Amino acid sequence: MTVTTEPADVLTAAALRWERVAFQTGPADRPGAEAGVRLAYRIAGLAEPEKIIWVGSPAAGARAVATLGAGRPVRDAVRTGPWERARADVHASLGTTTWSLAWSLTGGRLWDPANRLITQIRRGIAATEESETLAAALRASTLDAVLGQQDAPWLSLFDALDRPEVEGLVQVARSAGWWWPFERAAVVCERPSELHLDDLSRLHRAEGPALLFPDGFAVHAWGGMPVPADFAASMATLTPQRIRAEENAELRRVMLEHFGYDRYLAESGATPLHQDETGVLWRIELPEDEPVVMVEVVNSTAEPDGTFRKYWLRVPPSIRTAREGVAWTFNLSETDYRPARET
């Protein structure tokens, strides 16, 4: 196979379809998912499971499989084996160059956002336990799951190429969330009831959980970073003192970005580190974290109302002058930065 314009369009269309699958919310198609589970077992050469158990979230699934007496796990036969056969055959038939192109048009586009979501679900599951021993056990059980809709990166490629080995996996992924295959039973999860992403496809929500499952399992996130459940509400009453008192460096950075560097500088009584004709260099010292260093510059072109807009340029902590900071944003040294007009 050669990925010409027509097949490339097919692969791109598959990636778009599977992007919708990866982040789909709402009740699972239970009959479709159960048919897919049984088909996956048959493709693997196994007897169909005696029962299929539905749970409301991956967290509930991880807990269920820890105590489920349903025989040995058969994930390798149901998922890993067919997966590896499909990948090897596709790679051999396409060749290395065309394989790389086909992957870039499908799974390569979905890999990072899907895996960020998978990672945050796993962290959220572990965080439901205060005991590190129990949290580790739950994390381990998630590694035995077939990821359903979040297997979209690989399935987008295999589905576009009509690989029969993964037909059952494709059907489950289109219909439900994570699932665990065992000899005598399969545990299958509902899809999320809510999923909120920012423009970079990261979990993000200010008014509540960014990810919520029907049984109440939730993940709170801000700009892709896990945050406490009450974090979003606390952002409305932020003060410089509260920001400085935050011990978690990542949360403190989020607070600063939300509060606004210019407002933080004004309300914390900061003094400039350096000032010249290019702008003003500010430095915010933070406990147990690298300082935030920014150059305040003023646009030389007036806005329609006659005012001049200020901009804040984040620069490395090693910067010592405003000119050096502005030059750095242009990938120039301070001596080489000679603008015709300052901005």
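These numbers come from a predicted model, not from an experiment.

Criteria and cut-off values
- Residues numbered from 1 in each chain as written.
- Predicted model: local features only at pLDDT ≥ 70, side-chain atom pairs only at ≥ 80, totals over all residues.
- Heavy atoms only, no water.
- Helix = DSSP H or I, 4+ residues; strand = E, 2+ residues; numbered from the N terminus.
- Rg over C-alpha atoms; globule rule 2.2 N^0.38 Å.
- Buried < 20%, exposed > 50% of the residue type's maximum accessible area, 1.4 Å probe, protein only.
- Areas by Shrake-Rupley, 256 points an atom, 1.4 Å probe, with all protein chains shown as cover.
- Lys, Arg positive; Asp, Glu negative; His and termini not counted.
- Charge placed at Lys NZ, Arg CZ, Asp CG, Glu CD.
- Pairing = 2+ DSSP bridges.
- Axes fitted to C-alpha atoms, helices over the stretch in contact; angles between N-to-C directions.
- Contact = heavy atoms within 4.5 Å.
- Phe/Tyr/Trp six-rings, centres within 6.5 Å; stacked < 30°, edge-to-face > 60°.
- Lys NZ or Arg CZ within 6 Å of the ring centre and 35° of its normal.
- Salt bridge = Lys/Arg side-chain N within 4 Å of Asp/Glu carboxyl O.

Asker: I tried to follow the overall build of the protein on my own but got confused; where do I start?
Answerer: Along the protein, the regular secondary structure elements total 13 helices and 12 strands. The C-alpha atoms of the protein give a radius of gyration of 26 Å, which is well past the 20 Å a tight globule of 343 residues would have. With the C-alpha coordinates aligned to their principal axes, the bounding extent of the protein is approximately 75 × 50 × 35 Å. In the protein, which comprises 343 residues, the proportion classed as buried is 46%. For the protein, the exposed surface amounts to about 16,800 Å²; the carbon and sulfur share of it is 51%. Between the mean site of the 36 positive side-chain charges and the mean site of the 47 negative ones, the protein shows a separation of 2 Å.

Asker: Would you explain unusual backbone geometry in this entry?
Answerer: Glycine aside, a negative phi is what most residues show, and trans is what most peptide bonds show. Although it is not a glycine, Asp162 adopts a positive phi angle of roughly 55 degrees. Here Asp162 is to be found in the loop between helix 7 (152–160) and helix 8 (167–175). For Ser201, which is not glycine, the phi torsion reads 60 degrees and is therefore positive. Turning to its location among the elements, Ser201 is positioned in the loop between strand 4 (194–195) and strand 5 (211–212). The partly exposed category is assigned to Ser201, whose relative accessible area is 22%.

Asker: Would you mind going over the sheet that holds strand 1 (residues 51–55) with me for this structure?
Answerer: What holds strands together in a sheet is hydrogen bonding between their backbones, with the strands either parallel or antiparallel. Across the sheet, which stays open at both edges, the three strands sit in the order 1-3-2 with mixed pairing between neighbours. The open sheet has two free edges, formed respectively by strand 1 and strand 2 (179–181), since each of these has just one partner strand. Strand-to-strand twist of the sheet, defined as the mean angle between neighbouring strand axes without regard to direction, takes the value 15 degrees. Packed onto the sheet, helix 2 (residues 30–43) meets strand 1, strand 2 and strand 3 (185–189) and runs at close to 135 degrees relative to strand 1.

Asker: Where do I start with the packing of aromatic side chains in this structure?
Answerer: Think of a pair of aromatic rings as described by two things: how far the centres are apart, and how the planes are tilted against each other in angle. Within this structure, the stated rule accounts for eight aromatic pairs. Ring geometry for Trp83 against Trp154: centres 6.4 Å apart, planes inclined by 70 degrees, an arrangement best described as edge-to-face. Within this pair, whereas Trp83 is found in helix 4 (residues 75–105), its partner Trp154 is found in helix 7, the two being separated by 71 residues in sequence. Given a relative accessible area of 7%, Trp83 falls into the buried group. Taken together, a centroid distance of 4.4 Å and an interplanar angle of 35 degrees make the contact between Trp103 and Trp154 tilted. Of the two residues, Trp103 is situated in helix 4 and Trp154 in helix 7; the sequence distance between them amounts to 51 residues. Of the aromatic side chains, those joined through ring pairs into one cluster are Trp83, Trp99, Trp103, Trp111, Trp154 and Phe158. Above the ring of Trp83, the side-chain terminus of Arg79 is found at 3.7 Å from the ring centroid.

Asker: Whenever I open this one, helix 7 confuses me. Can you help?
Answerer: Residues separated by three or four positions in an α-helix point in the same direction, a consequence of the helix having 3.6 residues per turn. Of all nine residues in helix 7, nine are buried; the element is thus mostly enclosed. If you check which residues of helix 7 are buried, you get Ala152, Pro153, Trp154, Leu155, Ser156, Leu157, Phe158, Asp159 and Ala160. Asp162, located one to two residues past helix 7, shows a positive phi value of around 55 degrees.

Asker: For this particular structure, what's the right way to read the pattern of salt bridges?
Answerer: Close approach of charged atoms lets side chains of opposite charge pair. Per the stated rule, a full pass over the model turns up 17 salt bridges. Linking Arg253 and Asp289 is a salt bridge whose minimum nitrogen-to-oxygen distance equals 2.9 Å. Placement of Arg253 in helix 11 (residues 249–259) and of Asp289 in the loop between strand 10 (279–284) and strand 11 (292–298) is noted, with a sequence separation of 36 residues between them. Across the pair Arg323 and Glu277 runs a salt bridge, and its minimum N-O distance is 2.2 Å. With Arg323 in helix 13 (residues 322–329) and Glu277 in the loop between strand 9 (274–276) and strand 10, this pair connects stretches of sequence that are 46 residues apart. Classification of Arg323 as buried rests on a relative accessible area of 12%. According to the relative accessible area criterion, Glu277 is exposed, its value standing at 51%. Salt bridges linked by common partners bring Arg38, Arg42 and Glu48 together as one network.

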